[in-house]
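Tertiary structure, described
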Amino acid sequence: MQFTIQVNGAPHRVDVDGETPLLWVLRDTLDLKGTKFGCGAAQCGACTVHMDGHPIRSCQTPIAAVGNAAITTIEAIGETKVGRNVQAAWIDLDVPQCGYCQAGQIMSAAALLVRVPAPTDQDINAAMSGNVCRCATYTRIRAAIKQAAAAGSA
Ligand code: FES
Ligand code: FES
């Protein structure tokens, strides 16, 4: 079945089964490999992308449910001011260890900072609790979110 989805500001026509998770359309059809597969069950957050600015788990989002929503992936988040600030803070504080979870972490953090420009620890806990890091980089993630928040309000 054919679908036209909006990804990173451009329309893409794809021909896949309607039940196909958005994650696999991004990775396998559109060759956007930055979004990662972790659990496939909405439990880890590695596959997080934005749908109309909200963080979603692309492993559990069938392509038929995407419609005309604007999908943003890690490949384009740096085109927004908040995304740039988040990525700069991630680099500055050397957040990643193995790196596997970090695209999802950045997408959740960027969505948080758009919604809450100066988040408290509680806000960060609530927004980031669905993003698991097996390397336990949580302390640096929190520091980077606060640094990006400070940069955004400077
Ligand atoms: S791969 Fe989607 S939440 Fe884990
Ligand atoms: S940096 Fe390795 S899983 Fe998070």
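Quick note: structure is the one above.
As the structure is a prediction and not an experimental result, all values here were calculated from the model.

1. Looking at the overall build of the chain
Helix and strand content of the chain: 5 helices and 5 strands. Computed over its C-alpha atoms, the radius of gyration of the chain comes to 15 Å, within 12% of the 15 Å expected for a compact globule of 154 residues. For the chain, the C-alpha atoms occupy an extent of roughly 45 × 30 × 25 Å along the three principal directions. Put simply, the chain has 154 residues, and 44% of those count as buried. Considering only contacts in the chain between residues 6 or more positions apart, those separated by 24 or more positions represent 55%. Entry remark: accessible area of the chain is about 7700 Å², with carbon and sulfur atoms responsible for 53%.

2. Examining the sheet that holds strand E1 (residues 2-7)
Taken in spatial order, the 5 strands line up as E2-E1-E5-E3-E4 in an open sheet, and their pairing is mixed. For this open sheet the edge positions go to strand E2 (10-15) and strand E4 (54-57), each flanked by a neighbour on one side alone. Adjacent strand axes in the sheet meet at a mean angle of 40° when their direction is disregarded. Examined bridge by bridge, strand E3 (residues 48-51) and strand E5 (residues 70-72) share 2 bridges and lie antiparallel to one another. Following the sheet pairing, methionine 51 is matched in E5 by isoleucine 71. Along the sheet, helix H1 (residues 22-29) contacts E1, E2, E3, E4 and E5; its crossing angle with E1, the most-contacted strand, is approximately 85°.

3. Quick notes on the environment of glutamine 97
Topologically, glutamine 97 is positioned in the loop between helix H2 (81-92) and helix H3 (102-115). The class for glutamine 97 is exposed, based on a relative accessible area of 55%. Those residues in contact with glutamine 97, other than ones at most four positions away along the chain, are Cys135, Thr137 and Arg140.

4. So, the pairing of E2
Two strands pair when backbone bridges link them, and E1 and E2 are joined in this way by 6 bridges, in the antiparallel orientation. The residue bridging glutamine 2 from the neighbouring strand is aspartate 15, located in E2. Hairpin connection of E1 to E2: 2 residues between the antiparallel strands, including asparagine 8 at a positive phi of 50°.

Conventions we followed
Residues numbered from 1 in each chain as written. Chains lettered and ligands numbered in written order. Predicted model: local features only at pLDDT ≥ 70, side-chain atom pairs only at ≥ 80, totals over all residues. Heavy atoms only, no water. Helix = DSSP H or I, 4+ residues; strand = E, 2+ residues; numbered from the N terminus. Rg over C-alpha atoms; globule rule 2.2 N^0.38 Å. Buried < 20%, exposed > 50% of the residue type's maximum accessible area, 1.4 Å probe, protein only. Contact = heavy atoms within 4.5 Å. Areas by Shrake-Rupley, 256 points an atom, 1.4 Å probe, with all protein chains shown as cover. Pairing = 2+ DSSP bridges. Axes fitted to C-alpha atoms, helices over the stretch in contact; angles between N-to-C directions.

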